[in-house]
Amino acid sequence: MQRYSEKFQKEIIKHLRLVIITILTLALILLVWLEISSFQDENTLLKMQSKNNVETWFNEQISLLDSFLAYISYDTDMLADYDTTQKFLETAAQDKETLLAVYLGSPTIKTKMICNDNWIPEEDYKVEERDWYAGAVKNDGLFVSEPYVDATYGNLCISISKPIKGTDAVMAVDIDLTTLQTAIDSFCSDLQNVTLVSTEGVIVS
């Protein structure tokens, strides 16, 4: 009877050990799963925050264009005065680190374009064939170009343009995308790598 009792106790202890090991194993698996889920949730949150920050940056650039448009739209007669309009564009571009250029164009303006840097195209220049002009007219609103290398500065940039309502003119700004890299570095510091790719597959940042 005593031997049976000892054998029974050993079996109980053996089963208890198995139960304890199973519970500990399940607890470990649960902790690992919770850790992975927490990491995934945190990573997803960081990606969403980064996406929102990049969108905010782009919206700020669009707001710059809108502020210039509001001024021009208030008195479209100034478009007939090259010097006044050019001076406004020159002033508008000052102290704006993201802007490479501010300009407007129209096939009915004598110079075809008025730019902040006073550049005047050749007589055979067809402003209506330029992407920034045609795209804005076609969309009757906002046009954003694919990234390209600026011929003057050699920086990667994009053009953002909108029609000037009540006229056949379009206003545009060239945005320096190298400043976006600096912005991403500041608000995506918690992520190891952030890649921004255009719809055409161009790596922007």
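Remember, predicted model here, so these are calculated numbers, not experimental data. (Residues numbered from 1 in each chain as written. Predicted model: local features only at pLDDT ≥ 70, side-chain atom pairs only at ≥ 80, totals over all residues. Heavy atoms only, no water.)

Caption draft 1: Molecular detail of the side chain of D176. Positionally, D176 belongs in strand β6 (residues 170-176). Nearest to the buried, unbridged D176 among oppositely charged side chains is K96, at 15 Å. There is a polar contact of 3.1 Å between the side chain of D176 and the side chain of N155. For D176, the side chain forms a polar contact with the side chain of T178, separated by 2.6 Å. Setting aside anything within four residues of it in sequence, one finds D176 in contact with W57, T98, L100, N155, L156 and C157. (Helix = DSSP H or I, 4+ residues; strand = E, 2+ residues; numbered from the N terminus. Buried < 20%, exposed > 50% of the residue type's maximum accessible area, 1.4 Å probe, protein only. Lys, Arg positive; Asp, Glu negative; His and termini not counted. Salt bridge = Lys/Arg side-chain N within 4 Å of Asp/Glu carboxyl O. Polar contact = N/O pair within 3.5 Å; in protein donor to acceptor, adjacent residues only side chain to side chain. Contact = heavy atoms within 4.5 Å.)

Caption draft 2: Structural context of helix α3 (residues 131-139). Regarding α3, the residues found buried are W132, Y133, G135 and A136. Contact partners of the buried residues in α3: β1 (99-105), β2 (113-115), β3 (143-144), β5 (156-163) and β6.

Caption draft 3: Layout of the environment of T85. Among the secondary structure elements, T85 is positioned in helix α2 (residues 82-93). On the accessibility criterion, T85 (0% relative accessible area) is buried. C-alpha separation for the pair T85 and N116, spaced 31 residues apart in sequence, amounts to 8.9 Å. If near-sequence neighbours (up to four positions away) are discounted, T85 is found in contact with I72, M78, L79, L104 and I114.

Caption draft 4: Region of interest: the nonpolar core. Of all hydrophobic cores here, the largest spans 31 residues; its most connected members are F68, I72, F88, V102, L104, M171 and V173. Every element with two or more residues in this core is listed here: α1 (2-74), α2, β1, β5, β6 and α4 (178-187). Counting residues per element, this core draws most heavily on α1, at eight residues. For V173, the residues in contact, after removing those within four places along its chain, are L65, F68, L99, A101, V102, I158, S159 and I160. Core analysis: the second largest hydrophobic core is formed by 12 residues, A101, V127, A136 and F143 among them. (Core = buried A, V, L, I, M, F, W, Y, C linked by side-chain atoms within 4.5 Å.)

Caption draft 5: Spatial organisation of unusual backbone geometry. Positioned with a positive phi, D95 is a non-glycine residue whose angle comes to about 60 degrees. Along the chain, D95 falls in the loop between α2 and β1. Residue class for D95 comes out exposed when judged on its relative accessible area of 81%. Positive phi, normally seen in glycine, also occurs at N118, with a value near 70 degrees. Its location among the elements puts N118 in the loop between β2 and α3.

Caption draft 6: Looking closely at the side chain of D150. Mapped onto the elements of the fold, D150 is located in the loop between β4 (148-149) and β5. Salt bridges are absent for the buried D150, whose nearest opposite-charge side chain, R130, sits at 10 Å. Discounting chain neighbours no more than four positions away, the residues touching D150 are L100, N155, C157 and D174.

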